[in-house]
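Topology and contacts: notes
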Amino acid sequence: MNEQIKFYENKLAYEMDPSDLYDAFESSTEFIALDTRQAFGYEKEHIPTAINIPHKEMTVESTKHLDKTKTYVCYCDGIGCNASTKGALKMTKLGFKVKELMGGIEWWKFDGYATEGTKPTEGSSFVCAC
């Protein structure tokens, strides 16, 4: 039983779902959405307030301006994309606190949340605590 408890504790320590992220944005300034896709995907559509650093471009130099006291929630397109996992791994290796958004931007929209960009999706918008 202890092994199973540890498994679920670890899972929750490293992942969050869209509703958790939405709630975090409304109540905290500790979380930053990090779009790990290429720039064209971000420009087309992204989670409001998200920053974009494609996982292939993550280096000490490209992340030096980021606050290491924040938790970066990496996301990509969704289930069929592993850019968020690659980004989360790189960010962790660079010394950042990281979580991965379950289901990516697709589940964000599925849960009814708005996106921004050249092809935004309407939905619930949060009042950022930032």
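Higher on the page you've got the structure.
Bear in mind the structure is a predicted one, so any value in this text is a computation, not a measurement.

1. Some remarks on the nonpolar core
Residues Leu 21, Phe 25, Ile 47, Tyr 75 and Trp 108 are the most contacted members of the largest nonpolar core, which totals 16 residues. Looking at this core, the element that brings in the most residues is helix H2 (residues 18-27), giving 4 residues. Ignoring sequence-local partners within four residues, the contact set of Ile 47 consists of Leu 21, Phe 25, Ala 33, Tyr 75, Leu 101, Ile 105 and Trp 108. Ranked by size, the runner-up nonpolar core spans 11 residues in total, among them Met 58, Tyr 72, Cys 74 and Ala 88.

2. A closer look at the pairing of strand E5 (residues 97-101)
Counting buried residues along E5, 4 of its 5 residues qualify, which places the element largely inside the surrounding structure. Relative to E5, strand E4 (residues 71-75) runs parallel, the two being bridged by 4 bridges. Bridge pairing in E5 links Val 73 to Lys 99. In this fold, the crossover linking E4 to E5 by way of helix H5 (residues 83-93) has right-handed handedness.

3. So, a nonpolar patch on the surface
On the surface, Ile 79, Met 102, Trp 107 and Phe 110 cluster together into a nonpolar patch covering about 470 Å² of accessible area. Along the chain, the position of Trp 107 falls in helix H6 (residues 104-110). The exposure class of Trp 107 is partly exposed, given its relative accessible area of 36%.

4. Considerations on unusual backbone geometry
Of note in the backbone geometry, Thr 49 takes a positive phi value of approximately 75 degrees without being a glycine. Residue classification places Thr 49 among the partly exposed residues on the basis of a relative accessible area of 40%.

5. Notes on the pairing of E4
Here E4 lies mainly inside the structure; 5 of its 5 residues are buried. Both faces of E4 are covered, namely the face carrying Thr 71, Val 73 and Tyr 75 and the face carrying Tyr 72 and Cys 74. Taken together, the 5 bridges between strand E2 (residues 31-35) and E4 define a ladder with parallel strand orientation. Residue Leu 34 lies in a different strand from E4, and its bridge partner there is Cys 74.

6. Considerations on the environment of Ser 124
Relative to the helices and strands, Ser 124 is located in the segment after H6. The class of Ser 124 is partly exposed, set by a relative accessible area of 37%. Excluding residues within four positions of it along the chain, Ser 124 makes contact with Tyr 22, Gly 112, Tyr 113 and Ala 114.

7. Notes on the pattern of salt bridges
Tallied over the full model, the rule gives 6 salt bridges. Arg 37 serves as the salt-bridge partner of Asp 35, at 2.7 Å between the closest nitrogen and oxygen. Here Asp 35 matches Arg 37 in class, with each residue buried. Owing to a relative accessible area of 9%, Arg 37 belongs among the buried residues under this scheme.

What counts and how
- For every chain, the first residue of the written sequence is number 1, and numbering continues from 1 along that sequence.
- Totals for whole chains, interfaces and linings use every residue, but because this is a predicted model, local features are given only for residues with pLDDT of at least 70 and side-chain atom pairs only at 80 or more, for both listing and counting.
- Hydrogens and water are ignored here; the side-chain numbers use all heavy atoms of the structure.
- Take the buried residues of types Ala, Val, Leu, Ile, Met, Phe, Trp, Tyr and Cys, join any two whose side-chain atoms come within 4.5 Å, and each joined set is a nonpolar core.
- Exposed residues in this analysis have more than 50% of their type's maximum accessible area, buried residues have under 20%, and partly exposed residues fall in between, with area computed by a 1.4 Å probe over protein chains only.
- Each helix is a run of DSSP H or I of at least 4 residues and each strand a run of E of at least 2, with the numbering of both proceeding from the N terminus.
- Two residues qualify as a contact provided that any one of their heavy atoms is within 4.5 Å of a heavy atom in the partner residue.
- Strands are treated as partners if at least two bridges between them are detected by DSSP.
- Throughout, right-handed denotes a crossover for which the path from the first strand over the helix to the second runs clockwise when the strands point away from the viewer.
- Two distance rules govern patches: like charges are joined within 9 Å, and nonpolar side chains (Val, Leu, Ile, Met, Phe, Trp, Tyr) within 5 Å, applied only to residues with over 30% relative accessible area and no salt bridge.
- In this description, accessible areas are obtained by the Shrake-Rupley approach with a 1.4 Å probe, and a residue is regarded as covered only by the protein chains that are shown.
- The working definition used for a salt bridge is a side-chain nitrogen of Lys or Arg within 4 Å of a carboxyl oxygen of Asp or Glu.

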